[in-house]
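Observations on the three-dimensional arrangement
What follows is the residue order along each chain.
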Amino acid sequence: MQSNVPVYKLHSFPRHEPEALFYMTRLEKLVQEFKGIDKPHSHTFYLVMWIGTGGGTHTIDFKTYNLAPNQLYFLTPGQVHSWQLSPDIQGYNLFLEANFFRSRFGNRLQQYPFFHSHQHQPLLEVSDQKGLFQDLFSYAFQEYENRRLNRSEVFLSYIHIILETANRLYSQQLTETDTHLYDRIRQYEDLLEKHFLTTREVGAYAEKMNLTPNYLNHICKKVLSKTASQLLHERQVIEAQRLLTHTTQSIKEIGFLLGFDDPSYFVRFFKKQTGSTPADFRQQLLNNR
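Now for a quick tour of the structure. Predicted, not measured: the structure shown is a model, and the values here were computed from it. Per-chain numbering applies: the sequence of each chain, read as written, is numbered from 1 onward. Local features in this predicted model are restricted to residues whose pLDDT is 70 or higher, and side-chain atom pairs enter the listing and the counts only when it is 80 or higher, whereas totals over whole chains, interfaces and linings include all residues. In computing side-chain properties, one takes all heavy atoms of the structure into account and sets aside hydrogens as well as water.

Next up on the list: the overall build of the protein chain. Secondary structure elements are defined from DSSP: runs of H or I of at least 4 residues count as helices, runs of E of at least 2 residues count as strands, and each element is numbered from the N terminus. Counting secondary structure elements, the protein chain contains twelve helices and ten strands. In this description the radius of gyration comes from C-alpha coordinates, and the expected globular size is given by 2.2 Å times residues to the power 0.38. Taking 19 Å as the expected radius of gyration for a compact globule of 289 residues, we find that the protein chain reaches 20 Å, a close match to that expectation. Across its three principal axes, the protein chain shows a C-alpha extent of roughly 55 × 45 × 35 Å. Looking at the 289 residues of the protein chain, the share that counts as buried comes to 49%. Two residues qualify as a contact provided that any one of their heavy atoms is within 4.5 Å of a heavy atom in the partner residue. Considering only contacts within the protein chain whose residues lie at least 6 apart along the sequence, 71% involve residues at least 24 apart. For the area figures, the Shrake-Rupley method with a 1.4 Å probe applies, and any residue is considered shielded solely by the protein chains shown. Total accessible area on the protein chain is roughly 14,500 Å²; 48% of this is exposed by carbon and sulfur atoms. Lys and Arg are tallied as positive, Asp and Glu as negative. Neither His nor the chain termini are counted. Charge coordinates come from a single atom per side chain, which is NZ of Lys, CZ of Arg, CG of Asp or CD of Glu. The averaged location of the 29 negative side-chain charges in the protein chain is 2 Å from the averaged location of its 31 positive side-chain charges. Only protein chains enter the accessibility calculation, which uses a 1.4 Å probe; a residue whose area is less than 20% of its type maximum is buried, one above 50% is exposed, and one in between is partly exposed.

You can see I37 is positioned in the loop between α1 (27-33) and β3 (42-43). A sequence separation of 44 residues divides I37 from H81, and the C-alpha atoms of the two residues are 9.7 Å apart. In contact with I37, not counting residues within four places along its chain, are Y8, F13, L30, V31 and W83.

A few words on the packing of aromatic side chains. Between 30 and 60 degrees the pair is tilted, below 30 it is stacked and above 60 it is edge-to-face, where a pair is any two Phe, Tyr or Trp rings, Trp via its six-membered ring, whose centres lie within 6.5 Å. With the rule as written, the count across this model stands at 34 aromatic pairs. Both rings, one in Y112 and one in F114, keep their centres 5.3 Å apart while their planes meet at 10 degrees; by these two values the pair is stacked. Neither Y112 nor F114 differs from the other in exposure class; each is buried. A connected cluster of aromatic rings, assembled from ring pairs, spans Y8, F13, F22, Y23, F34, F45, F95, F100, Y144 and F155.

This part covers the pattern of salt bridges. Opposite charge on two side chains permits pairing when their charged atoms draw close. Salt bridges are defined by distance alone: a side-chain nitrogen of Lys or Arg within 4 Å of a carboxyl oxygen of Asp or Glu. Going through the model one piece at a time under the given rule, you end up with eight salt bridges. Measuring nitrogen to oxygen at the nearest pair gives 2.8 Å for the salt bridge that ties R108 to E164. Placement of the pair is R108 in helix α3 (residues 108-111) and E164 in helix α5 (residues 151-173), with a sequence separation of 56 residues. Judged by its relative accessible area of 18%, E164 falls in the buried class. Salt bridges sharing partners connect three or more residues here, namely E17, R147 and R151.

Our focus in this paragraph is the sheet that holds strand β4 (residues 46-53). One key point about sheets: their strands pair by backbone hydrogen bonds, in either a parallel or an antiparallel sense. For two strands to pair, DSSP has to find at least two bridges joining them. Ordered in space as β2-β9-β4-β7-β10, the five strands form an open sheet in which the pairing is antiparallel. Since the sheet does not close on itself, it has two edges, and those belong to β2 (22-26) and β10 (123-125), each with one partner. On average, adjacent strands in this sheet sit at an angle of 10 degrees to one another, irrespective of strand direction. For β4 and strand β9 (residues 90-96), the ladder comprises seven bridges, and the chain directions are antiparallel. When the sheet's bridge partners are listed, I51 is paired in β9 with G91. Contacting β2, β4, β7 (71-75) and β9, helix α4 (residues 130-146) runs over the sheet at an angle of about 115 degrees to β2. Here an angle of 0 to 180 degrees is reported between the N-to-C directions of two axes, which are lines fitted to C-alpha atoms, with helices fitted over the stretch in contact.

Okay, the nonpolar core next. Buried Ala, Val, Leu, Ile, Met, Phe, Trp, Tyr and Cys residues that are joined via side-chain atoms within 4.5 Å together make up what is termed a nonpolar core. In this structure, L72, F137 and L163 are the most contacted members of the largest nonpolar core, which totals 55 residues. For this core, the element with the highest residue contribution is α5, accounting for eight residues. In this structure L163 touches V48, F74, F101, L109, Y112, F114 and F115, once residues within four positions along its chain are discounted. Counting residues in hydrophobic clusters, the runner-up holds 32 residues, among them V202, L211, C220 and L244.

Remember, this is a structural readout, not a statement about activity or role.
Here's what the structure looks like:
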């Protein structure tokens, strides 16, 4: 499958150590050293980005966010992102492979609401604890740069503290809906991620969750103000956008991969969900390069 946008691995980055499952750099230095890093691309690893000063825009999976000081961004492997940064931008980029975190903390990465979710924002606005996060990233970077004894273990501890502290703040900013309902939404998202290419009936997901379709729909409406079908359609659209961006597959081939036997039906579906046809979406990507 030919790719139209880069998919970066850790060894793609300047001065990455070949055996290391982690990498950290100052954002402003990365922009200077890695030409084209601002263009659409994806990663095979997790990313945490801290914005200390500056502004601009950050587009993640085709949604654009306004950059501002004291923001945290979280990216999951496979997500497409790009940015436009102001000249005074300063911050940190922290990259890690799943196995690096899993070696000590098991499946914890999968449980953070800002990772592996298409409904929760990949963004945390930090206000009360901005000094703490600035210090954590600064100390983590010192540990990364200095390469002292047991460096990887200490660096992993900093990553864990950053993610757990972010999770506490992120959870506080969610609405006060029953936590159990959020868990159900996350369960539904996990199932969608695994089966959306082959299972296109909400009832089948509800059955896997030991729920009725009506109750699954009720949960989605209460927590997200969306129907269960909308979540399924949104996941299909994101995959279509990724394929239109990443590959040279024809629109017919992409529609077939997503379960649309009739290409014209896929075009109508995509336009209804996004406001543009697949061909227009792909052409706009080419125009922006």
